[in-house]
Amino acid sequence: MPSPNLHPMLNVAVKAARAAGAIINRAALDIEAVRVSQKQVNDFVTEVDHASEQAIIDTLLGAYPGHGILAEESGTQHGARDSDYVWIIDPLDGTTNFIHGFPVYCVSIALAIKGKIEHAVIYDPTRNDLFTATRGRGAFMNERRIRVSKRVRLAECLISTGFPFRSGDNFKQYLAIMADLMPRAAGLRRPGAAALDLAYVAAGFSDAFFETGLNIWDVAAGSLLVTEAGGLVGNFTGEPDFLEQRECLAGAPRIYGQLVPLLAKYSKFASVDDKLAASERVRAVDPSAGGVYARSTVHLSENAESAREGEAAPAPRKLTRLRRETSPVAPAPGDTPAE
């Protein structure tokens, strides 16, 4: 039933998301029967993705036949190609989770008007959680207003991310990022559905999210949820024009501000000096260099703990391996940022 509190276009998007969710939930009852194909290494698509996407497109174009469509599986082949109104659709974000029966996935729908995201819906069919936002009207979960978390210390924060999974991804860079962040935060999580990660930042369930290699349909709806919930979204250098740049950082304002200096050097838009610093850090934490990653993490952890207690940092613990001796590595620059 349409909600009188929602914009009419958002009501249609909710109807479409729920129709897709019903298809996903029915298929989840017998995962083994779902046909799966592979778009590229570790990138899967199922008949459920296609059926879910078609249900969404039929619902949206049934109400707004003059609108455009940008969908993960069918691209722009549906709808009007010259419309100022474009629906951006991910029919099943978290397909890998879905085909394993791991219940973390969602439907994501956003409406861009003249290139700006104006309405957003993220629907989690396993929990029946509905996240909605309209620009200037706030963000909601199950029709209750949501806000980003109020935490201001990175050491108390839970941060979500997505790991590299495609051939050609920079795995060593992600190890360096984790070495920089894990000692500074309360926890790092990889749920496996970027749209839902962003919705959880908006709801305050996690304090920040970052990932590279994302497409516009992964982040369009979630980005509006975060900003309407009082958070900030951009690329790793903090620039807000990020939707098609394939890197995303989102979080509560104070935490976002502390993460930008840590992640900026890993951005593809970083300065030459920052890229050189990132390359040095990547080499320092490469596990193939003889266990330096483990030693670097211990050193950082002890420094961060001492900084919180107001004590001088202890000397780095020396870890060695048999048959191979490693050289000491300097910790990542900076300590836990002050409030």
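Residues numbered from 1 in each chain as written. Predicted model: local features only at pLDDT ≥ 70, side-chain atom pairs only at ≥ 80, totals over all residues. Heavy atoms only, no water.

Here the second largest pocket is characterised by a volume of approximately 460 Å³. Around the second largest pocket, the lining comprises 19 residues; the ones closest to its centre are Gly115, Lys116, Ile117, Phe242 and Leu243. At the level of elements, strand S4 (85–93), strand S6 (116–124), helix H6 (216–228) and strand S13 (232–234) are the ones that each hand at least two residues to the lining of the second largest pocket. It is H6 that contributes the most residues to the lining of the second largest pocket, four residues altogether. When the residues that make up the lining of the second largest pocket are grouped by side-chain class, the tally is 12 nonpolar, three polar and four charged. (1 Å grid on protein atoms, 1.4 Å probe; cavity = no way out; pocket = protein on both sides within 12 Å on 5 of 7 lines; lining within 4 Å. Points joined across faces, edges and corners; volume = space filled by probe spheres on them. Helix = DSSP H or I, 4+ residues; strand = E, 2+ residues; numbered from the N terminus. Nonpolar A, V, L, I, M, F, W, Y, C, P; charged D, E, K, R; others polar.)

The next thing to look at is the sheet that holds S13. Spatially, five strands are ordered S11-S10-S12-S14-S13 in an open sheet, and the strand pairing comes out mixed. The sheet is open, and its two borders are formed by strand S11 (187–189) and S13, each paired with just one other strand. Across the sheet, the mean angle separating the axes of adjacent strands is 15° when strand polarity is ignored. In this sheet, strand S14 (residues 247–251) lies alongside strand S12 (residues 208–212) in antiparallel orientation, the contact comprising five bridges. Bridge assignment links Phe210 to a residue of S14, and that residue is Leu249. Of the strands in this sheet, strand S10 (158–161), S11 and S12 touch helix H4 (residues 171–181), which is tilted by about 165° from S12. Taken strand by strand, helix H5 (residues 194–203) contacts S10, S12 and S14, and its axis lies near 155° from that of S12. (Pairing = 2+ DSSP bridges. Axes fitted to C-alpha atoms, helices over the stretch in contact; angles between N-to-C directions. Contact = heavy atoms within 4.5 Å.)

So, on to the nonpolar core. When a protein is soluble and globular, its nonpolar side chains tend to lie buried together. One finds Ile122, Phe131, Ile159, Phe210 and Leu259 to be the most contacted residues of the largest nonpolar core, which totals 65 residues. For Phe210, the contacting residues outside a window of four places in its chain are Ile159, Ser160, Thr161, Gly162, Tyr174, Ile177, Leu181, Leu188, Phe236, Cys248, Leu249 and Leu263. (Core = buried A, V, L, I, M, F, W, Y, C linked by side-chain atoms within 4.5 Å. Buried < 20%, exposed > 50% of the residue type's maximum accessible area, 1.4 Å probe, protein only.)

With 17 residues, helix H2 (residues 47–63) should reach 24 Å at 1.5 Å per residue; the first-to-last C-alpha distance of 25 Å fits that figure. By the burial criterion, the buried members of H2 are Val48, Asp49, Ser52, Glu53, Ala55, Ile56, Ile57, Thr59, Leu60 and Leu61. (Expected span 1.5 Å × (residues − 1).)

Attention shifts here to the environment of Ala264. Within the secondary structure, Ala264 is located in the loop between helix H7 (253–263) and helix H8 (272–285). Exposure remark for Ala264: the relative accessible area of 14% places this residue in the buried category. The spatial distance from the C-alpha of Ala264 to the C-alpha of Asn235 is 8.5 Å, given a sequence separation of 29 residues. Non-local contacts of Ala264, meaning those with residues more than four positions away in its chain, are made with Phe236, Thr237 and Ala270.

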